[in-house]
Amino acid sequence: MPEFVLPRLLLAAAAVAITAATPAPHAKVMEHYKVTGQIAGPDGGWDYASVDPATRTLYVAHGDKVLAVDLAHDNKVRSFGRIARGHAVVPIAGRPLLLVTSGQDDSVRLFDTRSDAQLARIAVGADPHGATFNAATGEAAVMDARAGTVSVIDVAQHEVARTIALKPGLEFAQFGPHDTLFVNNEDESLIETADVGK
């Protein structure tokens, strides 16, 4: 082996060892996270989960029902609703309402969170998945995955206010500044944007 190869190999090995032992500059140590308990629920499919901070209730889309967990009172669990493949559960801020997308019958359901009674069933585009609520406008945006549209729901009136065309594959969404909606398109592996202003 030539003389100059061994020192280079040792230098390379030392560099690899130092790099492997040094944490990334933005890496966070997660030693303080741990499971503190479990909440039993029925078998079946699970999808989005959301917490209503006003009532301390965790809502989970669970197949053909909504699972509600009372986080303030010993994690008591109840199920309600009749949904055709629930995807998103969205507490409506400032109101005792829950919006739930129902993927297999192309609808959105509104439930009274005090009584668990269904108040409305609103037809939307094909295969609604994700949804989000904009408290500033009182409107919810529903991602119609197969249709490739966003149904903008007037929550107070229980109706579709307008429909915005994007591309099929829409999933999770979040409102940003100036009536901008950012939407994950899982089929295209990109983030789409839409102006949902009136």
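Just above sits the structure.
Keep in mind it's a predicted model, so treat the numbers as computed, not measured.

Visitor: Sorry if this is basic, but what is going on with the sheet that holds strand S11 (residues 149-154) here?
Guide: Each strand in a sheet pairs with another by means of backbone hydrogen bonds, the pair being arranged parallel or else antiparallel. With antiparallel pairing, the four strands of this open sheet are ordered in space as S9-S10-S11-S12. Edge positions in the sheet fall to strand S9 (128-134) and strand S12 (159-165), since each of these pairs with one other strand and no more. Between one strand axis and the next, the sheet turns by 25° as a mean value, whatever way the strands run. Where S9 lies against strand S10 (residues 139-144), five bridges are found, and the strand directions are antiparallel. Bridge pairing links Phe133 to Ala140 in S10.

Visitor: What should I look at first to understand the layout of surface pockets in this one?
Guide: In this approach, a probe sized like a water molecule rolls over the atoms, and the result shows the empty space that is left. In this structure, the largest pocket encloses a volume near 240 Å³. Together, 14 residues line the largest pocket, and Ser50, Val90, Ala131, Thr132 and Phe172 are the ones closest to its centre. Contributions of two or more residues to the lining of the largest pocket are made by strand S1 (49-52), strand S5 (86-92), S9 and strand S13 (170-175). Partitioned by chemical class, the residues of the lining of the largest pocket number ten nonpolar, four polar and no charged.

Visitor: In this structure, what is going on with the pattern of salt bridges? I would like to understand it.
Guide: Opposite charge on two side chains allows them to pair when their charged atoms are near. Under the defined criterion, the tally for this structure stands at six salt bridges. Put simply, Asp47 and Arg85 hold a salt bridge, and the shortest N to O gap is 3.5 Å. In this pair, Asp47 is assigned in the loop between helix H1 (5-21) and S1 and Arg85 in the loop between strand S4 (76-80) and S5, connecting sequence segments 38 residues apart. By relative accessible area, which is 29% here, Arg85 ends up partly exposed. Arg162 serves as the salt-bridge partner of Glu139, at 2.8 Å between the closest nitrogen and oxygen. One end of the pair, Glu139, is in strand S10; the other, Arg162, is in strand S12, and 23 residues separate them in sequence. Judged by relative accessible area, Glu139 falls into the buried class, the value being 5%. Through salt bridges with shared partners, a single network forms among Asp105, Arg109 and Arg121.

Conventions adopted
- Residues numbered from 1 in each chain as written.
- Predicted model: local features only at pLDDT ≥ 70, side-chain atom pairs only at ≥ 80, totals over all residues.
- Heavy atoms only, no water.
- Pairing = 2+ DSSP bridges.
- Helix = DSSP H or I, 4+ residues; strand = E, 2+ residues; numbered from the N terminus.
- Axes fitted to C-alpha atoms, helices over the stretch in contact; angles between N-to-C directions.
- 1 Å grid on protein atoms, 1.4 Å probe; cavity = no way out; pocket = protein on both sides within 12 Å on 5 of 7 lines; lining within 4 Å.
- Points joined across faces, edges and corners; volume = space filled by probe spheres on them.
- Nonpolar A, V, L, I, M, F, W, Y, C, P; charged D, E, K, R; others polar.
- Salt bridge = Lys/Arg side-chain N within 4 Å of Asp/Glu carboxyl O.
- Buried < 20%, exposed > 50% of the residue type's maximum accessible area, 1.4 Å probe, protein only.

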